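Architecture at a glance
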Amino acid sequence: MTRTHRRFHRLIWIALALLVSLGFALALGLRPAPATEPAANMREIVR
Amino acid sequence: MSVGYRAVQWNRNKFVYDAVLLAAVCAFIVGFIAIQSQIAPPRDAAAWIDLRIRAFGVCAFTMLTIILCIGPLARLNSKFLPLLYNRRHFGVLTCIVALLHASFMLEWYAAQNSLPNIVTELTTWADYARFIGFPFKVLGIGALLILLLLASTSHDYWLAVLTPPVWKAMHMLLYVAYGLAVMHVALGVMQTDRSLVVPLLLGAAFAIVTGLHIAAGWREHARHAQAPEPNGWIVVGAPYSIPDKCAAIVSAPAGERIAIFRDGNRVGAVTNLCAHQNGPLGEGRIVDGCITCPWHGYQYKLDDGRAPSPFTEKLATYRLRLRDGIVELDPRPLPPGTPAAITV
């Protein structure tokens with residue numbers, strides 16, 4: 001690889017590591033709460 | 001080496017490699033569908049299509065992860081070099097699997113007579129301002145478009161037309177495609193599937209790929225440019241400090257690298273960039289009297305940096321001299337193909 005490729009390679013992986021890690025952490029932390037249990041749901045419907 | 005723009009030159013190794021690859025992909029997809037359909041049997045046709053979407057999506061992501069590990073592994077340990085040889089076939093197959101994943105998605109909408117819904121989904125501009133709820137399919141489409149561009153330009157014809165530095169830079173878009181694919185999964189299936197399996201596998205895959213690339217890049221960065229002597233020559237060292245049929249790599253003041261090979265009592269210096277894909281020639285060996293690139297086996301004569309006839313590639317060479325038993329190098333390149341090797 002040329003010197004420019006090596007520099008680009010280093011920069012893009014550092015940028016990707018930061019951006020994607022942040023995005024992944026946010027996506028994991030902000031996951032919506034699990035759906036109501038089917039049994040509980042049924043009880044609601046029955047009521 | 002190559003003669004003009006010939007179609008892919010098939011040989012037994014390539015057939016075996018492709019057959020093994022195809023068999024592994026088929027086994028993965030069939031196995032995934034078999035296991036998943038046992039755990040949660042699909043109830044209708046749409047659920048079966050959904051299972052296919054997942055099987056091909058997981059397969060494409062796994063293949064992309066493996067492809068991205070091969071490069072840095074080969075830089076960190078030469079034992080992985082054979083995996084590099086046919087990496088382009090691996091890449092093209094990955095693109096095909098990803099394309100099938102997308103086509104099954106369209107089939108899923110069509111099966112429910114709701115094809116216009118996908119247009120609505122992609123053009124609800126307010127969703128683009130949200131993080132959770134972002135139209136994650138756009139990220140997948142972006143990654144797929146990059147894969148299509150790279151697969152369609154993977155032939156050596158495009159390598160020659162675009163020139164190796166431009167081609168190589170363009171193919172680094174694969175890294176961006178991987179980032180998009182990770183977020184496609186994180187904002188897509190990871191939001192609907194509440195188990196820990198998806199985040200664990202996704203996080204581990206991204207951490208491994210990123211870690212390997214940063215480690216390989218760091219190791220490369222550690223090689224500083226060597227300052228030349230006041231007379232402009234760079235000290236390489238005693239000739240026999242270069243292992244026979246191998247190279248010492250020095251960095252010129254401008255930053256580009258030069259490979260100094262020794263074959264018995266002959267020492268020659270060439271650019272470290274292979275004329276094919278700018279592979280690291282100095283990490284290769286002399287095979288059958290020729291410098292052989294570790295990436296795809298392109299060969300050049302030690303004396304003048306020319307590929308043996310009938311091939312036409314030429315490398316820039318560098319002047320060497322022996323002073324007080326020490327090899328010295330002039331870092332100014334000679335025109336490609338200029339004889340410059342010396343006897344020590």
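The text that follows walks through the structure, step by step, so that each part is easy to find. In this text, all values refer to a predicted model and were calculated from it rather than measured experimentally.

This part covers the nonpolar core. Of all hydrophobic cores here, the largest spans 78 residues; its most connected members are Trp 13 of chain A together with Tyr 178, Leu 202 and Leu 281 of chain B. The element best represented in this core is helix α2 (residues 45–76) of chain B, accounting for 15 residues. Residues within four places of Trp 13 of chain A in sequence aside, it is in contact with Leu 68, Tyr 175, Tyr 178, Val 209, Thr 210, His 213 and Ile 214 of chain B. Counting residues in hydrophobic clusters, the runner-up holds 14 residues, among them Ala 252, Ile 258, Val 327 and Leu 329 of chain B.

Another point: helix α4 (residues 87–111) of chain B. Residue and element names in this part refer to chain B. Here α4 spans 36 Å end to end across 25 residues, near enough to the 36 Å set by a 1.5 Å rise per residue. Taken together, the buried positions of α4 are occupied by His 89, Phe 90, Leu 93, Thr 94, Cys 95, Val 97, Ala 98, Phe 104, Met 105 and Tyr 109. Looking one or two residues past α4, Asn 113 carries a phi angle of roughly 50 degrees, positive in sign.

A few words now on the pairing of strand β2 (residues 247–251) of chain B. Residues and elements named next belong to chain B. Judged from the five bridges that link them, β2 and strand β3 (residues 257–263) form a sheet pairing that is antiparallel. Looking at β3, one finds that Val 250 is bridged to Ile 258. Connecting the antiparallel pair β2 and β3 is a turn made up of five residues, with Gly 255 showing a positive phi of about 110 degrees.

On to the packing of helix α1 (residues 12–39) of chain B against α4 of chain B. Residues and elements named next belong to chain B. For the pair α1 and α4, the least separation of the axes is 10 Å and the interaxial angle reads 30 degrees. As judged from the angle between their axes, α1 and α4 are roughly parallel. As α1 packs across α4, the resulting crossing turns out to be right-handed. Between α1 and α4, the residues in contact are Lys 14, Tyr 17, Asp 18, Leu 21, Leu 22 and Val 25 and Arg 87, His 89, Phe 90, Leu 93 and Val 97, respectively. A per-class count over the contact of α1 with α4 returns seven nonpolar, one polar and three charged.

The rules we used
Residues numbered from 1 in each chain as written. Chains lettered and ligands numbered in written order. Predicted model: local features only at pLDDT ≥ 70, side-chain atom pairs only at ≥ 80, totals over all residues. Heavy atoms only, no water. Core = buried A, V, L, I, M, F, W, Y, C linked by side-chain atoms within 4.5 Å. Buried < 20%, exposed > 50% of the residue type's maximum accessible area, 1.4 Å probe, protein only. Helix = DSSP H or I, 4+ residues; strand = E, 2+ residues; numbered from the N terminus. Contact = heavy atoms within 4.5 Å. Expected span 1.5 Å × (residues − 1). Pairing = 2+ DSSP bridges. Axes fitted to C-alpha atoms, helices over the stretch in contact; angles between N-to-C directions. Parallel < 35°, antiparallel > 145°, perpendicular 65-115°, else oblique. Left-handed = near helix turned anticlockwise from the far one by under 90°. Nonpolar A, V, L, I, M, F, W, Y, C, P; charged D, E, K, R; others polar.

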